[in-house]
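Fold and geometry: a report
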Amino acid sequence: EKWKPRPSWEGEPAAPRTFQQFRCYSAPVAAEPFLSGTSSNYVEEMYYAWLENPKSVHKSWDIFFRNANAGAAPGTAYQSPPPLTTSLSTLSQAQSLIRGHHVAQLDPLGILDADLDSSLPADIITSTDKLGFYGLDESDLDKVFHLPTTTFIGGNESALPLREIIRRLEMAYCQHIGVEFMFINDLEQCQWIRQKFETPGIIYSSEFLHRKWSSEKRFGLEGCEVLIPALKTIIDKSSEKGVDYVIMGMPHRGRLNVLANVIRKELEQIFCQFDSKLEAGSGDVKYHLGMYHRRINRVTDRNITLSLVANPSHLEAADPVVQGKTKAEQFYCGDTEGKKVMSILLHGDAAFAGQGIVYETFHLSDLPSYTTHGTVHVVVNNQIGFTTDPRMARSSPYPTDVARVVNAPIFHVNADDPEAVVYVCNVAAEWRSTFHKDVVVDLVCYRRNGHNEMDEPMFTQPLMYKQIRKQKPVLQKYAELLISQGVVNQPEYEEEIAKYDKICEEAHARSKDEKILHIKHWLDSPWPGFFTLDGQPRSMTCPSTGLNEEDLTHIGQVASSVPVEDFTIHGGLSRILKTRGEMVKNRTVDWALAEYMAFGSLLKEGIHIRLSGQDVERGTFSHRHHVLHDQNVDKRTCIPMNHLWPNQAPYTVCNSSLSEYGVLGFELGFAMASPNALVLWEAQFGDFHNTAQCIIDQFICPGQAKWVRQNGIVLLLPHGMEGMGPEHSSARPERFLQMCNDDPDVFPKLDDFDVRQLYECNWIVLIIFTPKSLLRHPEARSSFDDMLPGTHFLRVIPESGPAAHNPEQVKRVLFCTGKVYYDLTRERKARQMEADVAITRVEQLSPFPFDLLLREAEKYPAAELVWCQEEHKNQGYYDYVKPRLRTTINRAKPVWYAGREPAAAPATGNKKTHLTELQRLLDTAFNLDAFKDLA
């Protein structure tokens, strides 16, 4: 059925459009607006043609370029063109700006203009009266004009009548596909897209889609059923181009449909998710779970692995996670150009426009250490967000406009035209394969039901849903079309429907025989070989982390030198490296050198390390310097860590974009791919992690409980109260501790404690509150002796001074963690109380070291127990430590507090107030009568 004019929102019939768009700039203006990013490719091409032969361009361009070269001021170089003739035409400019998407018939409902603007630019021809804008009239329609070399609408013809030119442009850009690409500043890429859409006869190569379509009507995709063949097309074409691993991220709508019909998840396992008796082991709703599946692609007959990443309800939060996992899989298989592994991201229209993480993720797309060499984005454009009209939900014309920032072409397509959708998806997959850049497919569709099956959409969108109730499902419409064309007949169509129904019924019957829901079916990133068949870790041992002296010395020497020749470093850095060399000679290390030792030893064992974050190459506090820069040659760098051993694992250290949410999500995804890697994200300052709170709250903390997802990412969060103000002091340790699931009232069985410690620490996230001023503190040093073979990480560092030698006489034990230890030891020495007060450092806060702290408490039987911290009382560690320490001593005595008073802000901005607060807490800590009246 021929497309009819669309009614307006109020139901008034729209004026019929006789002609569709072409655009040329030939009207004088105050300044040359055509010299903009959108038309620069065309103008540049015209200019070079003019340089070669001034007669090869229209007289108006000849005059313009002559005047511009002569130094004419902006706005004066242009002159009105001479009258048109049939031999040469300003129609060459018709291709300079292609905006047919403004008038393309994209909305299946015929209600809204996809760009939310019912008015049309005056220069777009939609009827014969618009011809006058260009000095043309109806009599010119049959004149023949030469075609510019930049267009493909002529096919083998170099000249066409104006009427045919308009018709062909209309067919290419103003039907069910709207193409946005003229903002791309690469002529080759623009011409590639033009060829795909302008070449006569190239669009809508008829495919027998009915063979794929009998099944695409289940699991909540009503209104955008075309998503299934769209995804299949992208995957099939990508497989044909050599891709063998596709990693996908998507919201909940249509998720089970995608699992069943695209990934080909066993239907009985999907149906098991609906059986409440089988929920054991699953910690999330069925439409959030991820999965991993390897199968044969039926079109290409090649193996393909498909992974759908688990996601929370927080829309778009999984975007950077998918990209990070994709980058990791590319890295581990040596796919440096993204030819083997790719990502597909599905979005909703409201979230794509509204969620800032989309923008953050796009800005990672072309960064050397973050690029995945092109992602295919598919927007399920319902033209509504829950109950919100798009005209109230975004300021941009399209929900996809965010993609323009990275020059991604955007293909809008009417989702009720499956052949147009399949064509566009083929082009999108080819674009990604050819240019390895992002591309967006905007499926303009509708949502047949409310936000969910229980929701009533007529409350807020009455006109839209009256139209939707009348709308035939696209499967029915397409089946009727195929039957009318004789491609299939009614019995064949009904047979396909019955065949799929039978498959579903049989799978549903089998699902009832399942006795348990197997979590192995719902892992998005399995770690082969890491676990036994029953899900337990293969190894429960904790070997010594010590190194031999030769390795420590070797790593230290590399860390304090420049391992390449003719490389000039900054004079200040020379002094830093010299200081490192002296520490190595003295067999001592500071924090930065200890980090070098840890990384270097893992690289020797073949463990890949990736350190990412803002300014991590140098380090926020100029302490790390893992990337050296030649002072005489631009962009010449050296990473000494990659010069340690002949067969070492690679070390990746990369400054990120100024993003926390996106980059932490990316690194979390990277860490999902393999247990045999150390992936670290460092915040510039610890409190900056709160802009990535969604990743922490929805992925890092509950990921294992919700999705049985293992992840070993390490977060490095600079922390310490040093008078720098409320924004650069606290990494908010209380928030992380509040999310820990150990029971403060239960003392673990000592026989099981070591096993539990290993079990909980081998594959979960590690949060380290890292130093700032301690990076250069003369007492914050360790000896090589603390790192030799046989040594281990110390969860608790006990008192080793005079108090430890006469524990019965100790009057108070101060438990603490972090920088405050050095303030306490300085104050204790000044007060000459080394024999009266013991100071025990808790290095690992969670899992809580019940066993070691019990040993410390029993060692000092007469002592008061005090928790001391520099953070405010309602922050830091106190609320976490106190009940656990009380449980440790079986509540035999109180646990007192020495620290700052409760406060809303993490720290004061006044240096004097900071020092006053510090002295007050030190006075409390060493006043042995401080708690007498409270006992």
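As annotated in an unreviewed UniProt entry, the protein carries the name 2-oxoglutarate dehydrogenase complex component E1 and is attributed to Catharus ustulatus. According to the UniProt record, the Sequence similarities (unreviewed entry) comment for the protein is "Belongs to the alpha-ketoglutarate dehydrogenase family." In its Catalytic activity (unreviewed entry) section, UniProt records this for the protein: "N(6)-[(R)-lipoyl]-L-lysyl-[protein] + 2-oxoglutarate + H(+) = N(6)-[(R)-S(8)-succinyldihydrolipoyl]-L-lysyl-[protein] + CO2".

Regarding the overall build of the protein
Scanning the protein from terminus to terminus reveals 28 helices and 24 strands. Counting the 935 residues in the protein, one finds 55% classified as buried. The contacts in the protein between residues at least 6 apart in sequence include a share of 79% that link residues at least 24 apart.

Topic: the nonpolar core
If you look at the biggest cluster of nonpolar residues, it comprises 89 residues, and the most contacted ones within it are Phe197, Leu227, Met248, Ile344 and Leu443. Per-element tally for this core: the top contributor is helix α12 (residues 418-435), with 10 residues. Beyond its immediate sequence surroundings of up to four residues, leucine 443 is in contact with Cys224, Val226, Leu227, Ala230, Val378, Val379, Val380, Asn381, Val413, Ala415 and Val421. Core analysis: the second largest hydrophobic core is formed by 39 residues, Tyr370, Cys654, Ala692 and Ala731 among them.

Quick word on the packing of helix α25 (residues 820-831) against helix α28 (residues 911-926)
α28 packs onto α25 with a crossing angle of 60 degrees between their chain directions and a minimal axis gap of 10 Å. Judged by the inter-axis angle, α25 sits oblique to α28. The handedness of the crossing between α25 and α28 comes out as right-handed. Residue-level inspection shows Val820, Asp823, Leu824, Arg826, Glu827, Arg828 and Arg831 of α25 in contact with α28, the latter providing Leu918, Gln919, Leu921, Leu922, Asp923, Ala925 and Phe926. Within the contact of α25 with α28, the residues separate by chemical class into seven nonpolar, one polar and six charged.

Overview of the side chain of lysine 772
In this structure, lysine 772 sits in the loop between β18 (766-770) and β19 (782-783). Judged by relative accessible area, which is 5%, lysine 772 ranks as buried. A distance of 2.9 Å separates the side chain of lysine 772 from the backbone oxygen of glycine 720, its partner in a polar contact.

Considerations on the sheet that holds strand β12 (residues 608-613)
Read from one edge to the other, the open sheet built from five strands follows the order β15-β12-β16-β17-β18, with strand pairing classed as parallel. Of all the strands in the sheet, just β15 (651-655) and β18 have a single pairing partner and so form its edges. Recorded for the sheet is a direction-independent mean angle of 15 degrees between the axes of neighbouring strands. When strand β16 (residues 677-682) meets strand β17 (residues 714-718), the two strands line up parallel, connected through three bridges. Bridged to tryptophan 681 within β17 is leucine 715. Its contacts with the sheet place helix α18 (residues 591-604) against β12, β15, β16, β17 and β18, and it is angled at close to 140 degrees to β12.

Focus on the confidence of the model for the protein
In this model, the protein carries an average pLDDT of 84, and 82% of its residues clear a pLDDT of 70 or more. Scored below 50 in pLDDT, residues 82-90 shows 18 contacts in the model against residues more than four places distant or in partner chains. A low-confidence stretch, residues 278-282 stays under pLDDT 50, and its non-local contacts, those more than four residues away or across chains, total 12 contacts.

A few points about the packing of aromatic side chains
The full count for this structure, using the stated rule, is 23 aromatic pairs. Between tryptophan 192 and phenylalanine 435, the ring centres sit 5.6 Å apart and the planes meet at 85 degrees, which makes this aromatic pair edge-to-face. Residue tryptophan 192 is located in helix α4 (residues 187-198), and its partner phenylalanine 435 is located in helix α12; the two are separated by 243 residues in the primary sequence. Phenylalanine 435 carries the same exposure label as tryptophan 192, and that label is buried. Note on tyrosine 332 and phenylalanine 670: the rings are 6.0 Å apart at their centroids and 55 degrees apart in plane angle, and the pair reads as tilted. Taken together, the residues tyrosine 332 in helix α9 (residues 319-332) and phenylalanine 670 in helix α19 (residues 661-672) connect sequence positions 338 residues apart. Tyrosine 332 sits in the partly exposed class, given a relative accessible area of 32%. Using a relative accessible area of 1% as the deciding quantity, one classes phenylalanine 670 as buried. Feature note: the residues Phe747, Phe848, Phe850 and Tyr880 constitute an aromatic cluster, connected by ring pairs.

Quick look at the pattern of salt bridges
Between side chains of opposite charge, a pair can form as their charged atoms come close. One pass over the structure, following the stated rule, counts 37 salt bridges. Note that glutamate 734 is salt-bridged to arginine 732, the shortest N-O span being 3.3 Å. Exposure remark for arginine 732: the relative accessible area of 16% places this residue in the buried category. A single network of salt bridges, built from pairs that share partners, joins Glu157, Glu164, Arg167 and Arg168.

Quick notes on the environment of leucine 644
Along the chain, the position of leucine 644 falls in the loop between β14 (637-638) and β15. On the accessibility criterion, leucine 644 (5% relative accessible area) is buried. Among residues more than four places away in sequence, those in contact with leucine 644 are His554, Ile555, Val558, Gly600 and Leu603.

Remarks on the pairing of β15
Within β15, four of the five residues are buried, which leaves it mostly tucked inside the rest of the structure. One ladder, built from five bridges, connects β12 with β15; its direction is parallel. Pairing of glycine 613 across the sheet is with asparagine 655, part of β15.

Reading the values: the criteria
Residues numbered from 1 in each chain as written. Predicted model: local features only at pLDDT ≥ 70, side-chain atom pairs only at ≥ 80, totals over all residues. Heavy atoms only, no water. UniProt positions renumbered as here; feature names shortened; annotations may be inferred. Helix = DSSP H or I, 4+ residues; strand = E, 2+ residues; numbered from the N terminus. Buried < 20%, exposed > 50% of the residue type's maximum accessible area, 1.4 Å probe, protein only. Contact = heavy atoms within 4.5 Å. Core = buried A, V, L, I, M, F, W, Y, C linked by side-chain atoms within 4.5 Å. Axes fitted to C-alpha atoms, helices over the stretch in contact; angles between N-to-C directions. Parallel < 35°, antiparallel > 145°, perpendicular 65-115°, else oblique. Left-handed = near helix turned anticlockwise from the far one by under 90°. Nonpolar A, V, L, I, M, F, W, Y, C, P; charged D, E, K, R; others polar. Polar contact = N/O pair within 3.5 Å; in protein donor to acceptor, adjacent residues only side chain to side chain. Pairing = 2+ DSSP bridges. pLDDT = per-residue confidence, 0-100. Phe/Tyr/Trp six-rings, centres within 6.5 Å; stacked < 30°, edge-to-face > 60°. Salt bridge = Lys/Arg side-chain N within 4 Å of Asp/Glu carboxyl O.

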